[in-house]
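Analysis of the macromolecular model
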Amino acid sequence: MSYLIRSSAPSRLPEIRARLIDRTRDLPSQIENLLSRKEQVEFRKIATVLDYQRPGSTVFAEGEDAHFVYSVASGVVRISRHSDGGRRQVLALMLPGDLFGLPDAGIYVNSAEVTCPSTLYRVPWAELRKLLAREPAMQLNLLNKVAFDLREAQRRIMVLGQQNTFQRLASLLLDFAQHPAFFDKAHAQVTLPLSRFDIADYLGTAPETVARGFLRLEREGFVRRVTSRVVQVRDMDGLRRLRAEKRRADS
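The paragraphs below set out a description of the structure included in this document. (Residues numbered from 1 in each chain as written. Predicted model: local features only at pLDDT ≥ 70, side-chain atom pairs only at ≥ 80, totals over all residues. Heavy atoms only, no water.)

Applying the stated criterion to the full structure yields 11 salt bridges. One salt bridge in this structure joins aspartate 51 and arginine 19, with 2.7 Å as the shortest N-O distance. With aspartate 51 in strand β3 (residues 48–52) and arginine 19 in strand β2 (residues 16–20), this residue pair connects regions lying 32 residues apart in the sequence. In the salt-bridge network here, residues are joined through shared partners; they are Arg78, Arg88, Glu113, Asp198 and Asp201. (Salt bridge = Lys/Arg side-chain N within 4 Å of Asp/Glu carboxyl O. Helix = DSSP H or I, 4+ residues; strand = E, 2+ residues; numbered from the N terminus.)

Below you can see the structure in the form of structure tokens.
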């Protein structure tokens, strides 16, 4: 069984075909991990998997009716919103294991797009609510997840408010270095699944400032750029010290 998701912008985005969960290739999702063994069986009957190959493909758009909740199996999803003036702000990056798309009054309040080839789990919100009603322990686990996301949002406010661009880049590299999917420990290399425009909108600055920041990190011996998206960390402790410093002026 499969379903077609038709893009609202067919000239730019491909059709994404949803498939059923295949236990020979798909790991348990974040949602499934919250369920009892019995509820996992029911979950697999209603959940589907979406494989996105093109960076920038839209998962959902701000203001759309919210019919599904998602979990990242692999890749990265950027959560963003546009100001009244049209400027985009990337609010969060959803990494493997993260849950997103919880509705607010029946709609999505933000937009979600993949930044690289990504695989997502998708479950109907109405069906998930029925599972929540039958599984009290799942309600607590979901509440803990929402509380964690709130703490992460608060941490981001601290980063944007108290760190300069140089320090924000250090924080970004350290965050990705914590995820095996993006960090090659043997070579101390971080693969950033983001364009410089994504990084700029996530850090609240301009792409040119991001480029200057990476040059400075490289000049001061913290990193070595292997490619435009692969960065070798030469001084992990130095990045941590830089992140913890009092804010200093950008250069």
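Here the largest pocket defines a volume of roughly 1,100 Å³. With 11 residues, helix α3 (residues 136–162) is the single largest residue contributor to the lining of the largest pocket. For the lining of the largest pocket, the class distribution of residues is 23 nonpolar, 5 polar and 10 charged. (1 Å grid on protein atoms, 1.4 Å probe; cavity = no way out; pocket = protein on both sides within 12 Å on 5 of 7 lines; lining within 4 Å. Points joined across faces, edges and corners; volume = space filled by probe spheres on them. Nonpolar A, V, L, I, M, F, W, Y, C, P; charged D, E, K, R; others polar.)

Now for α3. The first and last C-alpha atoms of α3 sit 39 Å apart over 27 residues, in line with the 39 Å expected at 1.5 Å per residue. If you check which residues of α3 are buried, you get Met138, Leu142, Lys145, Arg156 and Val159. Elements that come into contact with the buried residues of α3 comprise β7 (88–94), β8 (99–100), α2 (125–134), α4 (165–177) and α5 (196–203). (Expected span 1.5 Å × (residues − 1). Buried < 20%, exposed > 50% of the residue type's maximum accessible area, 1.4 Å probe, protein only. Contact = heavy atoms within 4.5 Å.)

Here α4 is 13 residues long and its end C-alpha atoms lie 18 Å apart, about the 18 Å a rise of 1.5 Å per residue gives. With 13 of its 13 residues buried, α4 lies for the most part within the structure.

A separate point is the pairing of strand β5 (residues 68–74). Of the pairings in the sheet, the one linking β5 to strand β10 (residues 118–124) comprises 6 bridges and is antiparallel in character. Its bridge partner lying in β10, tyrosine 70 is registered against arginine 122. Looking at chain direction, β5 and β8 are connected through 2 bridges and run antiparallel. Across the sheet, tyrosine 70 pairs through a bridge with phenylalanine 100, a residue of β8. (Pairing = 2+ DSSP bridges.)

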